[in-house]
Structures are given as structure tokens and as C-alpha cells.
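# Reading the structure
Okay, here's what each chain looks like letter by letter:
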Amino acid sequence: MSIDATTYQFPPAPVLTAPTGQASTLEAREISAWFGDHQVLDRVSLTMEARQVTALIGPSGCGKSTFLRILNRMHELIASASLAGDVLLDGVDIYGLDKKLTEARRHIGMVFQKPNPFPTMSIYDNVLAGLKLTGTRKDQSEKDEIVQSCLLKAGLWNEVQSRLRQPGGALSGGQQQRLCIARALAIQPRVLLMDEPCSALDPTSTRRIETTIEELRTEVTIVIVTHNMQQAQRVSDYTAFFLAEQGEPGYIIEHGPTDAMFDAPQDTRTRDYVHGRFG
Ligand code: ADP
Ligand code: MG
């Protein structure tokens, strides 16, 4: 069979072309945090490079979740909470005087430990829920396109395409977590923060989320808190080890390329932690 170049039509592209996000570098400079007069983080500095996956590891209570909440301005919603230091998104201070909280949220999305879709809202509307909150207006075909492309990116489309009107709460735990990832992606964040996103999931769902992280890394900067050392090694390029010693505030003991952190850590506490000797 010969193909006539003048009449040949390319088949339609299989994946819709909703605009993709623009990954950014997020830099934390000398971040300290308090609840009342209890200091929980002490001068934490960390650069989370664009299009890389950074894993945050360390025992419970060393301030990893607090650090994540500071990175997208959720910390300040807690009445007793205060902080010091700077967070720069591609060099721009997200806490700058002229910067709104909603702007930080718009660019820096978050996925939590416990999947939290709106349970009675449809799968379709769940994906769009964040857009509504940011006040972005879209027509029907744009909405359809966003829903499909975000569910594709989150690795959930094949499982839900025939039942988009069913409630989000009807999905399994692993599917709900991927729905939350799709919802976070719909606002085209530059950074996606994930706080132990797999710790409530079974191993199969966990691996599915890890595949999703692998697929997303080219378009969004990912910061993931995990207690699973194998997961940190599988998904991350860089790792930071947090520790809070005997009632002291948490800080970073050591950070660097993940391979080096696991194979040749500089600090004996890092070595003991990554080998499961404590925490
Ligand atoms: P991690 O995520 O590493 O387990 P967290 O950031 O959750 O650590 O907690 C760090 C410290 O801050 C802990 O001592 C914890 O008890 C305290 N903390 C966390 N959230 C609050 C809060 N809302 N009010 C008071 N203290 C808190
Ligand atoms: Mg935590």
C-alpha cells in the first residue's frame, strides 16, 4: 500500500492537549516554625529542583508535615502557628508583601496521607473542584478536556472513563488518591507536595501511585514525604533527612542525591535511619 502525501490524514492524537503545567524550583531558606512558643523546625534550608522528585524522610514528629505546609502557606491557617524564613518559587518570595495566599496555593498543590475527595460529588466534578475554588471559568468542552487529561496523567482514566458521574466516594482508596492527584493537577501546579500519599494504601495501589509520580516528574516538581525507604529510593532524585533530637526542633541532618544518601551517607544518624535502626 502506498500513501498519498497530499491526502493522507494523520490519525487523531490519542492524548488530549490540555496545557501542561510549568515546573518550578522551590527554595526554602532558613525556615523555622513554632506552635505557640514550641519551636518545631530550626533553620531548614532546602532547594527542591524543577522537574525533580525530592523525598523528605525522618521519624514521626520531626516537622516534615509542618515543613510541607509552610511550602504552600497552609501553616499560617493554624491559629497558634508562626514561622521565620523565606520560601522562593523560581526566585519569588511566596510570602512577599504583595503575594496572596491563594496565589501560592494556585502554584503549589498538595496531596494528603488520607485520600480526601468530596465523597458525594461526582468523579468528574471532583477533578474540577480546585478550579472552581480559584474562580477559573471554563466552557463545557474545556472542562471535558481537563477532566480527561488530568485523569490520564493521574493514571485513573481507564478505570473511570465509563462512570464519571458516579460519586468520588465510591472508588477504592488507591483510586481516590489518584482522583486527588488529578484534582491537584487540574489547576496546573508548578509544584506538587505529597504528604505520605501511600501510607494508607495497599502495595498494588502504592506501586500505581509511584508510576504516576514517575510519569508526572517531567511537568511538575514533586516533594514527597515518605516513611518507606524503598519508596524513597524508587521515586526520588534527592533526599533530605529530618531529625528532631530529645525535644529539640527538627532540622535537616543531611540532604543530597538519593543514591548517595542511601549508599554513602555522611552522618551516622542518616546511616542508622535509612538502614531501619530507629524511627
Ligand atoms: P512529622 O510530619 O514529621 O511527623 P509534624 O510536622 O506533624 O511532624 O509535627 C512536628 C511537631 O509539631 C510535633 O511535635 C507535633 O506535635 C507538632 N505539631 C504539629 N501540628 C501541630 C498543631 N496543629 N498544633 C500544635 N503542635 C503541632
Ligand atoms: Mg507528617
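Residues numbered from 1 in each chain as written. Chains lettered and ligands numbered in written order. Predicted model: local features only at pLDDT ≥ 70, side-chain atom pairs only at ≥ 80, totals over all residues. Heavy atoms only, no water.

### Some details on helix α7 (residues 203–216)
Between its first and last C-alpha atoms α7 spans 20 Å; for 14 residues at 1.5 Å apiece the expected length is 20 Å, and the two agree. Buried within α7 are the following residues: Ser 205, Thr 206, Ile 209, Glu 210, Thr 212, Ile 213 and Leu 216. Down the axis of α7, the smallest arc covering the buried residues is 155 degrees, so these residues share one side. Away from its buried face by more than 90 degrees, α7 exposes Pro 203 and Thr 204. Packing partners of the buried residues in α7 comprise β3 (53–57), α4 (140–153), α6 (173–186), β7 (191–195), β8 (221–225) and α8 (229–235). Where α7 begins, one side-chain oxygen reaches toward the backbone nitrogen of Thr 204, 3.0 Å away; that side chain belongs to Asp 202. (Helix = DSSP H or I, 4+ residues; strand = E, 2+ residues; numbered from the N terminus. Expected span 1.5 Å × (residues − 1). Buried < 20%, exposed > 50% of the residue type's maximum accessible area, 1.4 Å probe, protein only. Arc of directions from axis to C-beta. Contact = heavy atoms within 4.5 Å. Polar contact = N/O pair within 3.5 Å; in protein donor to acceptor, adjacent residues only side chain to side chain.)

### Quick word on the pairing of β8
Along β8, five of the five residues are buried, which leaves the element largely enclosed by surrounding structure. Taking every second residue as pointing to the same face, both faces of β8 are buried, with Thr 221, Val 223 and Val 225 on one and Ile 222 and Ile 224 on the other. Where β3 and β8 come together, four bridges link them in parallel fashion. Looking across to β8, one finds that Leu 56 is bridged to Val 225. Of the pairings in the sheet, the one linking β7 to β8 comprises five bridges and is parallel in character. What sits directly across from Val 191, in β8, is Thr 221. Handedness of the β-α-β unit built from β7, α7 and β8 comes out right-handed. (Pairing = 2+ DSSP bridges. Right-handed = clockwise from strand over helix to strand, strands pointing away.)

### Structural notes on the pattern of salt bridges
Applying the stated rule across the entire model yields 13 salt bridges. The partner of Arg 43 in a salt bridge is Asp 42, with the nearest N and O atoms 3.0 Å apart. When its relative accessible area of 53% is taken as the criterion, Arg 43 is described as exposed. A residue is classified by how much of its surface remains accessible, and Asp 42, at 23% relative accessible area, is partly exposed. Two residues, Glu 245 and Arg 269, come together in a salt bridge whose shortest N-O distance is 3.0 Å. Here Glu 245 is found in the loop between β9 (238–243) and β10 (251–257), whereas its partner Arg 269 is found in helix α10 (residues 268–274), with 24 residues between them in sequence. Taken together, the salt bridges that share partners define one network made up of Arg 207, Glu 210 and Arg 234. (Salt bridge = Lys/Arg side-chain N within 4 Å of Asp/Glu carboxyl O.)

### Here's the deal with the packing of aromatic side chains
The description of an aromatic ring pair rests on the distance of the ring centres and on the angle between the ring planes. Across all of its chains, the model carries three aromatic pairs by this definition. Taking 5.4 Å as the distance between ring centres and 55 degrees as the angle between the ring planes, the aromatic pair formed by Phe 67 and Phe 242 counts as tilted. Note that Phe 67 is positioned in helix α1 (residues 64–71) and Phe 242 in strand β9, a separation of 175 residues in sequence. Among the residues examined, Phe 67 registers a relative accessible area of 0% and is labelled buried. Its relative accessible area of 0% is what places Phe 242 among the buried residues. Grouped by ring-pair contacts, the aromatic residues Phe 241, Tyr 273 and Phe 278 constitute a single cluster. Above the ring of Tyr 124, the side-chain terminus of Arg 165 is found at 4.4 Å from the ring centroid. (Phe/Tyr/Trp six-rings, centres within 6.5 Å; stacked < 30°, edge-to-face > 60°. Lys NZ or Arg CZ within 6 Å of the ring centre and 35° of its normal.)

### Here we look at the state of the cysteines
Under the defined criterion, the tally for this structure stands at zero disulfides. Left unpaired, Cys 150 is separated from the closest cysteine sulfur, that of Cys 180, by 13 Å. Lacking any disulfide linkage, Cys 198 is separated from the closest cysteine sulfur, that of Cys 180, by 12 Å. Classification of Cys 198 as buried rests on a relative accessible area of 7%. (Disulfide = S-S within 2.5 Å.)

### As for the packing of helix α3 (residues 123–133) against α6
Their axes nearest at 7 Å, the elements α3 and α6 cross at an angle of 40 degrees. As the angle between them shows, α3 and α6 are arranged oblique. Crossing handedness for the pair α3 and α6: right-handed. For the pair α3 and α6, the contacting residues are Ile 123, Asn 126, Val 127, Ala 129, Gly 130 and Leu 131 in the first and Leu 179, Ala 182, Arg 183 and Ala 186 in the second. Its residues assigned to classes, the contact of α3 with α6 comprises seven nonpolar, two polar and one charged. (Axes fitted to C-alpha atoms, helices over the stretch in contact; angles between N-to-C directions. Parallel < 35°, antiparallel > 145°, perpendicular 65-115°, else oblique. Left-handed = near helix turned anticlockwise from the far one by under 90°. Nonpolar A, V, L, I, M, F, W, Y, C, P; charged D, E, K, R; others polar.)

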